[in-house]
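# A structural walkthrough
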Amino acid sequence: MQQRLEKEWELSIDPDTVRLFILKAKALSAAVNEDYDDGAEHEVEFDGDAHAGHHHDGLVEEASENLTEEEFRELINDLNIDEAAELIALAWVGRGDYDASEWADAVAAARERPRKRTAKYLLGLPMLADWLEEGLEAIGA
């Protein structure tokens, strides 16, 4: 039987808020993946020239009317500094950059990131929803 780590921290961000971000990230990921269900490399044409290997930057998609992405950005921008740092730290723990026992270090490192770029950074993480879920599980939230 695995022994749980003793919690030496309290979350500023409500785990239910993190779960909302997970749902939004899954919706964004599903919207991106629907276009690529056939598994083929897609080509994008500019001025009649074909350019292979269309690049996607994580969950960010070109669709200008993507309400889910706009909502996601607004939710992140509404977070205070501590909540934003913890959201990033959860993704890092879920991704394996930090262990749950290194939670304070992960949060401290996340606080050093530029606050204005938090939404862009998180949207650029290709497996954000999975990493947030794994981060929550790892810290027992």
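Residues numbered from 1 in each chain as written. Predicted model: local features only at pLDDT ≥ 70, side-chain atom pairs only at ≥ 80, totals over all residues. Heavy atoms only, no water.

Two elements in contact, helix H3 (residues 81-95) and helix H4 (residues 103-111), have axes whose closest approach is 8 Å; the angle formed by their N-to-C orientations is 120 degrees. The orientation of H3 relative to H4 falls into the category oblique. As for how H3 packs across H4, the hand of that crossing is right-handed. Residues Asp-82, Ala-85, Glu-86, Ile-88, Ala-89, Leu-90, Trp-92 and Val-93 of H3 lie in contact with H4, whose contacting residues are Trp-103, Ala-106, Val-107, Ala-109, Ala-110 and Arg-111. Split by residue class, the contact of H3 with H4 holds eleven nonpolar, no polar and three charged. (Axes fitted to C-alpha atoms, helices over the stretch in contact; angles between N-to-C directions. Helix = DSSP H or I, 4+ residues; strand = E, 2+ residues; numbered from the N terminus. Parallel < 35°, antiparallel > 145°, perpendicular 65-115°, else oblique. Left-handed = near helix turned anticlockwise from the far one by under 90°. Contact = heavy atoms within 4.5 Å. Nonpolar A, V, L, I, M, F, W, Y, C, P; charged D, E, K, R; others polar.)

The end-to-end C-alpha separation of H3 is 21 Å, in line with the 21 Å expected for 15 residues at 1.5 Å each. Considered for burial, the residues of H3 that qualify are Glu-83, Ala-84, Ala-85, Glu-86, Leu-87, Ile-88, Ala-89, Leu-90, Ala-91, Trp-92, Val-93 and Gly-94. The N-capping residue of H3, defined by a side-chain oxygen 3.0 Å from the backbone nitrogen of Asp-82, is Asn-80. A positive backbone phi angle near 100 degrees is found at Gly-96, which sits one or two residues after H3. (Expected span 1.5 Å × (residues − 1). Buried < 20%, exposed > 50% of the residue type's maximum accessible area, 1.4 Å probe, protein only. Polar contact = N/O pair within 3.5 Å; in protein donor to acceptor, adjacent residues only side chain to side chain.)

Looking now at the environment of Ser-101. Of note, Ser-101 is situated in the loop between H3 and H4. In terms of polar contacts, Ser-101 uses its side chain to reach the side chain of Asp-99, at 2.8 Å.

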